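Single-letter residue listing:
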Amino acid sequence: MGGIGWGLKDDNQPTSTSELQAETEESIFALLANHQTEESSRSLFLTRTAHVRFLKSAFKGLGRGFVSLDASKPWILFWIIHALDLLEEPLLTEERERAIDTLSRCQNDTSGGFGGGAGQLSHLATTYAAVHALASIGTAEAFDSVNRKKLYNWILSLKQPDGSFIMHYGGEVDVRGSYCVASVCKLLNMLTPEITENMGAFIASCQSYEGGMGSFPGVEAHGGYTFCAMAAMEILQETNRLDTRALTEWTVSRQMELEGGFHGRTNKLVDGCYSFWVGGIFPILDAISLRKDGSPAWSKTAAPFNGILNRDALQEYILICCQAPKGGLRDKPDKSADFYHTCYCLSGLSIAQHTYSWSAETQEFSVVENAARVVGVANNKLPATHPVHNIRMDRVLFMQAYFQRQAE
């Protein structure tokens, strides 16, 4: 567990931030205290059936509250489809066809790319979500629905002279754009020199004095942006541009002492979604260590640590604190479950369970056999999610191979 030497050090000057942290610690400690023994920890289980029911309910229709996410339809589909894929729950034929049809309607036939809904402006974030949802569906029909030529030209039109990308026409520059472009183009076999020129230099300029990465140069480091920057640099194979020692120290400091989960920024609360957004950085750091020293960090430490990640503590936070009683996963115990947190809590759980290696020959991640560490019952084990693309490892390889064959 996260340990019992906890408590916020506020120098006897409480603020709203320190008071919220204390309240969060109290609520989480009450749950963790019930699982202090090894026997109780071994009995923890992932309530798969309830989570599948929660996710599948979306196919029956969404409530009126979802109107605020009208520009996020590809994201809703990605969160649901990827979460179901990790739970090894296949889509029904009708559900698969509906998903492909909805995503096709979000695709702009004129400009290229995917918007948040039918007729909406194409955006790199929703394009990422659409392509990754289609990759998780994993059929030729899904793959062939992407207009790659127009998508490529649209992406290129967003590129700026410094190697960055605006998120949409007239939009902001953001390191998320760099990641969305790198991941989408890698999956679709269109990561050309024309796309990648100066990308690494821009991303490297986003590293802050703290060690983590901001959304653009000169701003505060953030867990989500740090993942995006690191994953993009891994795809580009330009991680050597970064101060990885400072980045490692910043990333390790995001794992909370009591909670075992992660927060995204200094002095912020733990949040289940960072189980992936920060947890996913660790396999990339291991790959960097492997290339630099000849051995990954996880090979130098003993359980429960996987390198510098306390994988047991992270799994316990997800299983004990993030599972909602009626299904779905959540930010923290006092929050409600939603599709977003269900997706990223499960993704983080997968990352924490598996040990990854990196091959110089294939330039790709693989899962180390017989090195999984699963907290609780054996049925908690999920398929491995890809630490860069965050879809199942087999989905990544299948989509890449499909489009590589088309280029031959």
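Residues numbered from 1 in each chain as written. Predicted model: local features only at pLDDT ≥ 70, side-chain atom pairs only at ≥ 80, totals over all residues. Heavy atoms only, no water.

> Looking at this structure, I do not really get the packing of aromatic side chains. What am I missing?
Working definition: an aromatic ring pair is given by the centre-to-centre distance plus the angle between the planes. If you walk through the whole model with that rule in mind, you get 20 aromatic pairs. Ring geometry for F143 and F403: centres 5.9 Å apart, planes at 45°, overall tilted. In this pair, F143 sits in helix α7 (residues 140-144) while F403 sits in helix α18 (residues 393-407), placing the two residues 260 residues apart along the sequence. Overall, F403 belongs to the buried group, its relative accessible area being 1%. Taken together, a centroid distance of 5.7 Å and an interplanar angle of 65° make the contact between F276 and W277 edge-to-face. The two residues F276 and W277 agree in class, both being buried. Here the basic side chain of R254 rests over the ring of W250, its NZ or CZ set 4.8 Å away from the ring centre. Positioned above the aromatic ring of W358 is the side chain of R291, whose terminal nitrogen or guanidinium carbon lies 4.6 Å from the ring centre. (Phe/Tyr/Trp six-rings, centres within 6.5 Å; stacked < 30°, edge-to-face > 60°. Helix = DSSP H or I, 4+ residues; strand = E, 2+ residues; numbered from the N terminus. Buried < 20%, exposed > 50% of the residue type's maximum accessible area, 1.4 Å probe, protein only. Lys NZ or Arg CZ within 6 Å of the ring centre and 35° of its normal.)

> Just checking my understanding: could you explain the environment of D85 for this structure?
Following the sequence through the fold, D85 ends up in helix α4 (residues 73-86). Once the C-alpha coordinates of D85 and R395 are considered, the two residues, 310 residues apart in sequence, prove to be 9.8 Å apart. Apart from residues lying up to four places away in sequence, D85 is in contact with S136, P383, R392 and R395. (Contact = heavy atoms within 4.5 Å.)

> Any chance you could explain the environment of T244 here in plain terms?
Among the structural elements, T244 can be located in helix α13 (residues 244-252). Along the backbone, T244 and G211 are 33 residues apart, and their C-alpha atoms lie at a distance of 8.0 Å. In contact with T244, other than residues within four places in its own chain, are T239 and I288.

> Explain the pattern of salt bridges here, please?
Pairs can form between side chains of opposite charge whenever their charged atoms are close. Taken as a whole, this structure holds 14 salt bridges when the rule is applied. With its nearest N and O atoms 2.6 Å apart, the salt bridge here joins K56 to E95. One end of the pair, K56, is in helix α3 (residues 48-56); the other, E95, is in helix α5 (residues 93-106), with 39 residues separating them in the sequence. Pair check on accessibility: K56 and E95 agree, each one buried. In this structure, the salt-bridge partner of D85 is R392, at a minimum N-O distance of 3.4 Å. Of this pair, D85 sits in helix α4 while R392 sits in the loop between β4 (364-367) and α18, and the two are 307 residues apart along the sequence. With respect to class, D85 is no different from R392; both count as buried. Among the ionic contacts, a cluster of salt bridges with common partners joins D85, R392, D394 and R395. (Salt bridge = Lys/Arg side-chain N within 4 Å of Asp/Glu carboxyl O.)

> Can you walk me through a negative patch on the surface in this structure?
Together, E94, E97, E141 and D144 give the surface a local cluster of negative charge. When contributions to the negative patch are tallied by element, the ones reaching two or more residues are α5 and α7. Following the sequence through the fold, E94 ends up in helix α5. (Patch = residues over 30% accessible without salt bridge, like charges linked within 9 Å, V, L, I, M, F, W, Y side chains within 5 Å. Areas by Shrake-Rupley, 256 points an atom, 1.4 Å probe, with all protein chains shown as cover. Lys, Arg positive; Asp, Glu negative; His and termini not counted. Charge placed at Lys NZ, Arg CZ, Asp CG, Glu CD.)

> How should I be thinking about the pairing of β4 in this particular structure?
With four bridges connecting them, strand β3 (residues 356-359) and β4 associate as antiparallel partners. Along β4, the bridge assignment pairs S359 with E364. Adjacent in sequence and paired antiparallel, β3 and β4 are bridged by four residues, among which Q363 carries a positive phi angle near 60°. (Pairing = 2+ DSSP bridges.)

> What is the right way to read the side chain of R254 from this model?
Along the chain, the position of R254 falls in the loop between α13 and α14 (274-277). In terms of polar contacts, R254 uses its side chain to reach the side chain of H263, at 3.0 Å. Every residue in contact with R254, bar those within four places of it in the chain, is listed here: G261, F262, H263, G264, R265, T266 and V278. (Polar contact = N/O pair within 3.5 Å; in protein donor to acceptor, adjacent residues only side chain to side chain.)

> Please clarify how the packing of α4 against α5 should be interpreted in this entry.
One can describe the packing of α4 onto α5 by two numbers: an axis separation of 10 Å at closest approach and a directional angle of 150°. Accordingly, the angle class assigned to the pair α4 and α5 is roughly antiparallel. When the axes of α4 and α5 are compared, the crossing they make is left-handed. In this structure, α4 uses K73, P74, L77 and I81 to contact α5, whose residues at the interface are A99, T102, L103 and C106. Grouping the amino acids of the contact of α4 with α5 by side-chain chemistry returns six nonpolar, one polar and one charged. (Axes fitted to C-alpha atoms, helices over the stretch in contact; angles between N-to-C directions. Parallel < 35°, antiparallel > 145°, perpendicular 65-115°, else oblique. Left-handed = near helix turned anticlockwise from the far one by under 90°. Nonpolar A, V, L, I, M, F, W, Y, C, P; charged D, E, K, R; others polar.)

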